[in-house]
2 protein chains.
Amino acid sequence: MQELFSQIELIYPINPESKQTLSSICKEVNFSKGKNIQEIGHTCKTIYFVKKGVVRIYYFKEAIDITESFEFENSFVARAESLFTGKPSRKAIQAIEDTTLIAIDSTKFFQLFDTHPDLERLFRKIIEASYVNTVNRIESLQFNTAEERYKTLLKAAPDVLKRIPLKYVASYLGITQVSLSRIRGIK
Amino acid sequence: MQELFSQIELIYPINPESKQTLSSICKEVNFSKGKNIQEIGHTCKTIYFVKKGVVRIYYFKEAIDITESFEFENSFVARAESLFTGKPSRKAIQAIEDTTLIAIDSTKFFQLFDTHPDLERLFRKIIEASYVNTVNRIESLQFNTAEERYKTLLKAAPDVLKRIPLKYVASYLGITQVSLSRIRGIK
DNA sequence: GTGATTATTTATCTTATGATAAATTCTTTG
DNA sequence: CAAAGAATTTATCATAAGATAAATAATCAC
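As the structure is a prediction and not an experimental result, all values here were calculated from the model. (Residues numbered from 1 in each chain as written. Chains lettered and ligands numbered in written order. Predicted model: local features only at pLDDT ≥ 70, side-chain atom pairs only at ≥ 80, totals over all residues. Heavy atoms only, no water.)

**Some remarks on the overall build of chain A**
Okay, so step 1: When you go through chain A residue by residue, the secondary structure sums to 9 helices and 8 strands.
Okay, so step 2: Relative to a compact globule of 187 residues, whose C-alpha radius of gyration would be 16 Å, chain A shows 17 Å and is just as compact.
Okay, so step 3: Classification of the 187 residues of chain A by burial places 53% in the buried group.
Okay, so step 4: A sequence separation of at least 24 residues applies to 71% of the contacts in chain A between residues at least 6 apart. (Helix = DSSP H or I, 4+ residues; strand = E, 2+ residues; numbered from the N terminus. Rg over C-alpha atoms; globule rule 2.2 N^0.38 Å. Buried < 20%, exposed > 50% of the residue type's maximum accessible area, 1.4 Å probe, protein only. Contact = heavy atoms within 4.5 Å.)

As structure tokens, then:
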């Protein structure tokens, strides 16, 4: 749990009693490379923290596998469109490497907010940061060319290109694998 | 203020004292069509509620005006990437019609969270909903064709196409005005 | 209401990216 | 470590959308 609490400390420090209580609704889980952590059609009731490894959220459009996002060590992952609406998700979460996660029961977590305002504050800040990320991503998808998006990613997150198969990176960037390969080929 | 409180009631009802306190940090402001409500380079310190009219958030990419989003009556607007990071925004907010807004001082609002947990809860829910919207928009920009995006918008938000000049709609969809016109032309 | 400005459409040509297929290279597993 | 399978690249062709320019339509200001 140490990794989780270190990360929380950076976002919004919570008091010892809240840490204790939070611990009680967490459990560590392992998934080997390639395995789904949460399936399509399942309603999201868990917030994960990536302790070790990488995961992706993906879905299918007309039988094509599309990666919505990646999350590396020290990040939180959940399928927002399901977690916040209570509807089944059309997306899955998959381990890209052998991955260790801390699973937080979202129902219990949200209930704690009534008695632990610092946990609600913490969560709000996590969501705010995620929201800023997605807004920036919309900007990049709106009018940047595929090549610009690739180069920006290469610069901002070289880890992605080292640890993630290119076929997943391609759909994340909104292009086909063949196009990405062509773009990489140019110098 | 009635419109604001009706909308809040739908999201997360707050107690009368919180309403009173919230009122004290709000003020109504008017902008005529075409006027900027907040300028590029300004650090966002205000959350707006649209009482009447429509606004858009926009920015420039290589001298091209790009619309990031629209907000109609009963919605909240702020430039998240500035509000949550404290950095100056590269974006502006503009009134597309003559618009009446309720301006909420974000610094004061965030301070209230320490004493009014129901206001923090309300705000969290507003952000969660906005986050879900942006995640869905990423999905549409990732692999839908321009024509699919146009038709989806036409179905989901016909108001946008009735009240917003097409040049703004085009960049919102991630295409040029000429392309949008062509797509509309096909039947 | 008329001229000026702005928005939208239409036309033509160009280009980035998609689709498909095949050739490599890399990875896994028995 | 060899064979099988998966990932990546390369090649060719097709197409959706960009760029530019010009025509038309709508809106605004006096």
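**Examining the environment of Glu68 of chain A**
Okay, so step 1: Tracing the backbone through its elements, the reader meets Glu68 of chain A in strand E5 (residues 64–71).
Okay, so step 2: In this structure the C-alpha to C-alpha distance between Glu68 of chain A and Arg163 of chain A, which are 95 residues apart in sequence, comes to 16 Å.
Okay, so step 3: Those residues in contact with Glu68 of chain A that sit more than four places away from it in its chain are Ile57, Tyr58, Tyr59, Lys91, Arg137 and Tyr172 of chain A together with Val135 and Gln142 of chain B.

**So, the sheet that holds strand E3 (residues 46–52) of chain B**
Residues and elements named next belong to chain B.
Okay, so step 1: Overall, antiparallel pairing links the 4 strands, which are arranged E1-E8-E3-E6 in an open sheet. Strand pairing shows two members of the sheet lacking a second neighbour, strand E1 (26–31) and strand E6 (76–77), which therefore form its edges.
Okay, so step 2: Taken together, the 6 bridges between E3 and strand E8 (residues 99–105) define a ladder with antiparallel strand orientation. Bridge assignment links Phe49 to a residue of E8, and that residue is Ile102.
Okay, so step 3: Along the sheet face, helix H1 (residues 2–11) touches E1, E3, E6 and E8 and points at about 105 degrees away from the line of E3. (Pairing = 2+ DSSP bridges. Axes fitted to C-alpha atoms, helices over the stretch in contact; angles between N-to-C directions.)

**Quick notes on the interface of chain B and chain A**
Okay, so step 1: Residue-level contacts link 39 residues of chain B with 39 residues of chain A.
Okay, so step 2: Carbon and sulfur atoms make up 60% of the area that chain B and chain A hide from each other, which totals about 3700 Å².
Okay, so step 3: Looking only at chain B, the three residues that lose the most surface to chain A are Tyr131, Gln142 and Phe143 of chain B, adding up to 19% of its buried area.
Okay, so step 4: Run the count over chain B and chain A and you get 12 salt bridges.
Okay, so step 5: Residue Asp114 of chain B pairs with Arg121 of chain A through a salt bridge whose shortest N-O separation is 2.9 Å.
Okay, so step 6: On inspection of chain B and its partner chain A, the count reaches 25 residue pairs in polar contact (both at pLDDT 80 or more).
Okay, so step 7: Broken down by secondary-structure element, the contributors of at least two residues to the side of chain B that touches chain A are strand E4 (55–61), strand E5 (64–71), helix H3 (80–83), helix H5 (117–143) and helix H8 (166–172) of chain B.
Okay, so step 8: Here the element with the most residues in the side of chain B that touches chain A is H5 of chain B; it accounts for 18 residues.
Okay, so step 9: Here the side of chain B that touches chain A is composed, by residue class, of 15 nonpolar, 10 polar and 14 charged. (Buried area = accessible area lost by both parts, 1.4 Å probe. Salt bridge = Lys/Arg side-chain N within 4 Å of Asp/Glu carboxyl O. Polar contact = N/O pair within 3.5 Å; in protein donor to acceptor, adjacent residues only side chain to side chain. Nonpolar A, V, L, I, M, F, W, Y, C, P; charged D, E, K, R; others polar.)

**Examining the packing of helix H5 (residues 117–143) of chain A against H5 of chain B**
Think of two packed helices as two axes; the pair is described by the angle between the axes and how far apart they sit.
Okay, so step 1: Running from amino to carboxyl end, H5 of chain A crosses H5 of chain B at an angle of 25 degrees, the nearest separation of the two axes being 9 Å. On the basis of the axis angle, H5 of chain A is roughly parallel to H5 of chain B. Between H5 of chain A and H5 of chain B the crossing geometry is left-handed.
Okay, so step 2: Residue composition of the contact of H5 of chain A with H5 of chain B, by class: 12 nonpolar, 6 polar and 10 charged. (Parallel < 35°, antiparallel > 145°, perpendicular 65-115°, else oblique. Left-handed = near helix turned anticlockwise from the far one by under 90°.)

**Overview of the side chain of Lys91 of chain B**
Okay, so step 1: Residue placement: Lys91 of chain B occurs in the loop between H3 and strand E7 (92–95).
Okay, so step 2: Once you skip the residues sitting within four places of it in the chain, Lys91 of chain B turns out to touch Val135 and Glu139 of chain A together with Glu39, Ile40, Ile57, Tyr58, Tyr59, Glu68, Arg79 and Glu81 of chain B.

**Describing the relation of the copies chain B and chain A**
Okay, so step 1: Here chain B sits on chain A after a turn of 180 degrees about the axis and a move of 0.0 Å along it, with an RMSD of 0.0 Å. Put plainly, the chains are arranged around a two-fold axis.
Okay, so step 2: Residue by residue, 100% of the interface of chain B is reproduced at the interface of chain A, so both copies engage with the same surface. (Least-squares fit on C-alpha atoms with pLDDT ≥ 70 in both.)

**Observations concerning the protein's contact with DNA strand C**
Okay, so step 1: Around DNA strand C sit 17 residues, and of these Ala146 and Ser179 of chain A together with Leu166, Lys167 and Ser181 of chain B come closest.
Okay, so step 2: Within 4 Å of the protein, atoms of DNA strand C come from sugar and phosphate in 66% of cases.
Okay, so step 3: In the environment of DNA strand C, a phosphate oxygen lies 2.9 Å from a nitrogen or oxygen atom belonging to the backbone of Leu166 of chain B.
Okay, so step 4: Contacts to DNA strand C include Lys167 of chain B, whose side-chain N or O atom sits 2.4 Å from a phosphate oxygen.
Okay, so step 5: At the level of elements, helix H9 (177–185) of chain A together with H8 and helix H9 (177–185) of chain B are the ones that each hand at least two residues to the surface near DNA strand C.
Okay, so step 6: No other element matches H9 of chain B, which puts 5 residues into the surface near DNA strand C.
Okay, so step 7: Counted by class, the surface near DNA strand C contains 6 nonpolar, 6 polar and 5 charged residues. (Near = heavy atom within 4 Å.)

**Quick look at the packing of aromatic side chains**
Okay, so step 1: On inspection of all chains with the given rule, the structure shows 21 aromatic pairs over all chains.
Okay, so step 2: Consider the rings of Phe109 of chain B and Phe113 of chain B, whose centres lie 4.9 Å apart with planes at 75 degrees: the pair is edge-to-face.
Okay, so step 3: Each residue in the set Phe84, Phe109, Phe110, Phe113 and Phe123 of chain A together with Tyr131 of chain B is aromatic and connected to the rest through ring pairs, giving one cluster.
Okay, so step 4: One residue, Arg56 of chain B, lies across the ring of Tyr168 of chain B, its end atom 3.8 Å from the ring centre.
Okay, so step 5: The cationic tip of Arg124 of chain B hangs over the ring face of Phe110 of chain A; the distance from NZ or CZ to the ring centre is 5.7 Å. (Phe/Tyr/Trp six-rings, centres within 6.5 Å; stacked < 30°, edge-to-face > 60°. Lys NZ or Arg CZ within 6 Å of the ring centre and 35° of its normal.)

**Points about the state of the cysteines**
All names here are of chain A.
Okay, so step 1: Within this structure, the stated rule accounts for 0 disulfides over all chains.
Okay, so step 2: The thiol of Cys44 is unpaired, and the distance to the nearest cysteine sulfur, on Cys26, comes to 15 Å.
Okay, so step 3: Classification of Cys44 by relative accessible area gives buried; the value is 2%. (Disulfide = S-S within 2.5 Å.)

**Comments concerning the packing of helix H6 (residues 146–156) of chain A against H9 of chain A**
All names here are of chain A.
Okay, so step 1: Orientation of H6 relative to H9, taken along the N-to-C sense of each, is 70 degrees, at an axis distance of 10 Å. Considered as vectors, H6 and H9 are oriented roughly perpendicular to each other. For the pair H6 and H9, contact is made by Ala146, Glu147 and Tyr150 and by Leu180, Ile183 and Arg184, respectively.
Okay, so step 2: A breakdown of the residues in the contact of H6 with H9 according to their chemical character gives 4 nonpolar, no polar and 2 charged.

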